[in-house]
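Secondary and tertiary structure notes
If you want the building blocks of each chain, they are given just below.
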Amino acid sequence: SGKFILSPSTANINNCRGSCTFPLANANNHAVLLNFHIESHTVDERAPCCVPVAYDALEVVDFNEHGTYLSIKPDVIAKECGCR
């Protein structure tokens, strides 16, 4: 049995991009310390990344073998970005 999303046909779920260099925007302690170690050349690790840190839900109309219904998909739309 299949399940299909009827609506919305498109949705802007947003994305996060940009640099995570000092000063870090909306960063947690891990990202701050990681960035400090990288900039002081004491470790060879990946730099903090700009990623979603808060989300909104998306209401969709689903269709399956039982008919159509409205459902809420949590954590779909990026609402806020930060460095992690």
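Up top is the structure these notes are about.
For the structure given in this document, a descriptive report is provided here. Along each chain, residues carry numbers from 1 onward, in the same order as the chain's sequence is written. Where totals are concerned, whole chains, interfaces and linings use all residues; where local detail is concerned, this predicted model gives features only for residues with pLDDT of at least 70, and gives and counts side-chain atom pairs only at 80 or more. Computation of side-chain values: all heavy atoms of the structure, hydrogens and water removed.

So, on to the overall build of the chain. Numbering of helices and strands starts at the N terminus; helices are DSSP runs of H or I of at least 4 residues and strands are runs of E of at least 2. The helix and strand inventory of the chain stands at 1 helix and 3 strands. Mapped in sequence order, the helices and strands of the chain form the string β-α-β-β. For the radius of gyration, the atoms used are the C-alpha atoms, and the globule rule reads 2.2 Å times the number of residues raised to 0.38. Relative to the compact-globule value of 12 Å for 84 residues, the chain shows a C-alpha radius of gyration of 19 Å, a clear excess of over 25%. The rule is simple: take the accessible area with a 1.4 Å probe, protein chains only, and divide by the maximum for that residue type; under 20% is buried, over 50% is exposed, in between is partly exposed. Residue burial in the chain is summarised as follows: out of 84 residues, 23% are buried. Residue contacts follow a heavy-atom distance rule, with two residues in contact if any of their heavy atoms lie within 4.5 Å. For the chain, the proportion of contacts with a sequence separation of at least 24, taken over those separated by at least 6, is 61%. Each accessible area is a Shrake-Rupley estimate made with a 1.4 Å probe; only the visible protein chains count as cover when residues are assessed. Summed over all atoms, the accessible surface of the chain reaches about 6100 Å², with 55% contributed by carbon and sulfur. Asp and Glu count as negative and Lys and Arg as positive, but His and the ends of the chain are not part of the count. Lysine's charge is taken at NZ, arginine's at CZ, aspartate's at CG and glutamate's at CD. When the 6 positive and 9 negative side-chain charges of the chain are each reduced to one mean point, those points stand 2 Å apart.

Throughout, a disulfide means two cysteine sulfur atoms within 2.5 Å of one another. For the structure shown, the criterion picks out 1 disulfide. Sulfur-sulfur distance for the disulfide between Cys 16 and Cys 81 comes to 2.1 Å. Between Cys 16 and Cys 81, the disulfide has an S-S torsion of -85° and is therefore left-handed. Linking Cys 16 in the loop between β1 (4-7) and α1 (29-39) with Cys 81 in strand β3 (residues 67-83), this pair joins segments that are 65 residues apart in sequence. Not engaged in a disulfide, the cysteine Cys 50 finds its nearest cysteine sulfur in Cys 81; these two sulfurs lie 4.7 Å apart.

Next up on the list: the side chain of Asp 62. Within the fold, Asp 62 resides in strand β2 (residues 50-64). Exposure remark for Asp 62: the relative accessible area of 1% places this residue in the buried category. Residues adjacent in sequence count toward polar contacts only when both atoms are side-chain atoms; beyond that, a polar contact is any pair of N or O atoms within 3.5 Å, and within protein one must be able to donate a hydrogen and the other to accept it. For Asp 62, the side chain forms a polar contact with the side chain of Ser 71, separated by 2.5 Å.

This paragraph deals with the sheet that holds β3. Pairing between the strands of a sheet is mediated by backbone hydrogen bonds and can be parallel or antiparallel. Pairing within the open sheet is antiparallel, and its 3 strands lie in the order β1-β2-β3. The open sheet has two edge strands, β1 and β3, and neither has a second partner. For this sheet, the mean inter-axis angle between neighbouring strands, taken without regard to orientation, is 50°. Alignment of β2 against β3, held across 13 bridges, turns out to be antiparallel. Counterpart to Val 60 in the pairing with β3 is Ser 71. Strands pair, by our definition, only if DSSP identifies at least two bridges between them. Between N-to-C directions, angles span 0 to 180 degrees; the directions come from axes that are lines fitted to C-alpha atoms, helices contributing only their stretch in contact.

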